[in-house]
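What the coordinates show
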Amino acid sequence: MSLVRRATPEDAPEVLRLRQVMIDALPGGDASTGWHDQALPGLTERLGETDGDFAAFVVDHPDRPGALGALVVGTVDYRIGKASSPHGRAGYVFSVATDPDARRRGYARACMEELLAWFRERGAGQVMLTASAEAEPLYAALGFVHKPDPTMILPL
């Protein structure tokens, strides 16, 4: 039996807590948590949709009942097809976090493997993510490679 399970609406507060753990670890991360109350209803709704384009996979914390130990979240987007993805479906991983006291146990890897299987089931031709230096070896071991194109962002 796998330790990994699909996150449910009841997990939404813990999903936000682990997402904040990830944000706090990023260079220039914003430690404010005031946005959690505004994000909670939408996240709760999305976690209840089991056949859509959004999925979160989690591992329960082994030492703290009711808490999550690890989390991965991704979406499937449509983009115009290309040679490496003719159907235009692409997966995007945007949250990977492990509770600091649950690290080095393989939880993030197990969650990523479930998310990758979910992407394959939905016909994603590629999966993209942004890797921290600490997590890069895990992603490389799963087959991820660096893209040569520069990415830019415009906050709206």
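Anything mentioned here points back to the structure above.
Positions within a chain are numbered from 1, following the residues in the order the chain's sequence is written. In view of the model being predicted, local features appear only for residues whose pLDDT reaches at least 70, and side-chain atom pairs are presented and counted only at 80 or more, with totals across whole chains, interfaces and linings using the full set of residues. Hydrogens are left out, water is left out, and the side-chain values use all remaining heavy atoms of the structure.

Section: the sheet that holds strand β1 (residues 4-6)
The pairing of strands in a sheet comes from backbone hydrogen bonds and takes either a parallel or an antiparallel form. Counted only if it meets this: What makes two strands pair is DSSP finding at least two bridges between them. Helix and strand assignments come from DSSP, with helices taken as H or I runs of at least 4 residues and strands as E runs of at least 2, each series counted from the N terminus. Axes here mean lines fitted to C-alpha atoms, for a helix over just the part in contact, with angles spanning 0 to 180 degrees between N-to-C directions.
As summarised here, the arrangement of the five strands in space is β1-β2-β3-β4-β5, forming an open sheet in which the pairing is mixed. In the strand order of this sheet, the two ends are held by β1 and β5 (126-128), each with one partner. Across the sheet, the axes of successive neighbouring strands diverge by a mean angle of 25°, strand direction being ignored. Summarising the sheet, strand β3 (residues 68-78) and strand β4 (residues 89-98) pair through nine bridges and their orientation is antiparallel. Paired with Gly 74 across the strands is Val 93, a residue of β4.

A look at the packing of aromatic side chains
Stated formally: Aromatic rings from Phe, Tyr and Trp, taking only the six-membered ring of Trp, are treated as a pair when their centres fall within 6.5 Å; an angle between ring planes under 30 degrees marks them as stacked, one over 60 as edge-to-face, and anything in between as tilted. Think of it in three bands: with a 1.4 Å probe and only protein chains considered, a residue is buried below 20% of the maximum accessible area for its type, exposed above 50%, and partly exposed in between.
Per the counting criterion, the structure on display carries three aromatic pairs. Aromatic pair Trp 118 and Phe 119: ring centres 5.5 Å apart, planes at 55°, arrangement tilted. Given a relative accessible area of 3%, Trp 118 falls into the buried group. Ring centres of Tyr 139 and Phe 144 lie 5.8 Å apart, and the angle between their planes is 70°; this geometry places the pair in the edge-to-face category. The residues Tyr 139 and Phe 144 share a single accessibility class, namely buried.

A few points about the side chain of Gln 20
Here is the rule we go by: Distance and chemistry together define a polar contact, namely a pair of N or O atoms within 3.5 Å, with one atom able to donate a hydrogen and the other to accept it when in protein, and with adjacent residues in sequence counting only for side-chain atoms on both sides.
If you trace the backbone, Gln 20 turns up in helix α1 (residues 12-25). Relative accessible area serves as the criterion here: at 5%, Gln 20 is assigned to the buried category. One polar contact links Gln 20 to Asp 24, side chain to side chain, over a distance of 2.8 Å.

Focus: the pattern of salt bridges
Threshold: Whenever Lys or Arg places a side-chain nitrogen within 4 Å of a carboxyl oxygen from Asp or Glu, that contact is recorded as a salt bridge.
Inspection of every chain in the model, using the stated rule, returns 11 salt bridges. The salt bridge partner of Arg 17 is Asp 99, with a shortest N-O separation of 2.6 Å. Of this pair, Arg 17 sits in helix α1 while Asp 99 sits in the loop between β4 and α3 (107-121), and the two are 82 residues apart along the sequence. You can call Asp 99 buried: its relative accessible area is 4%. Linked through salt bridges whose partners overlap, the residues forming this network are Glu 14, Arg 17, Arg 64, Asp 99 and Asp 101.

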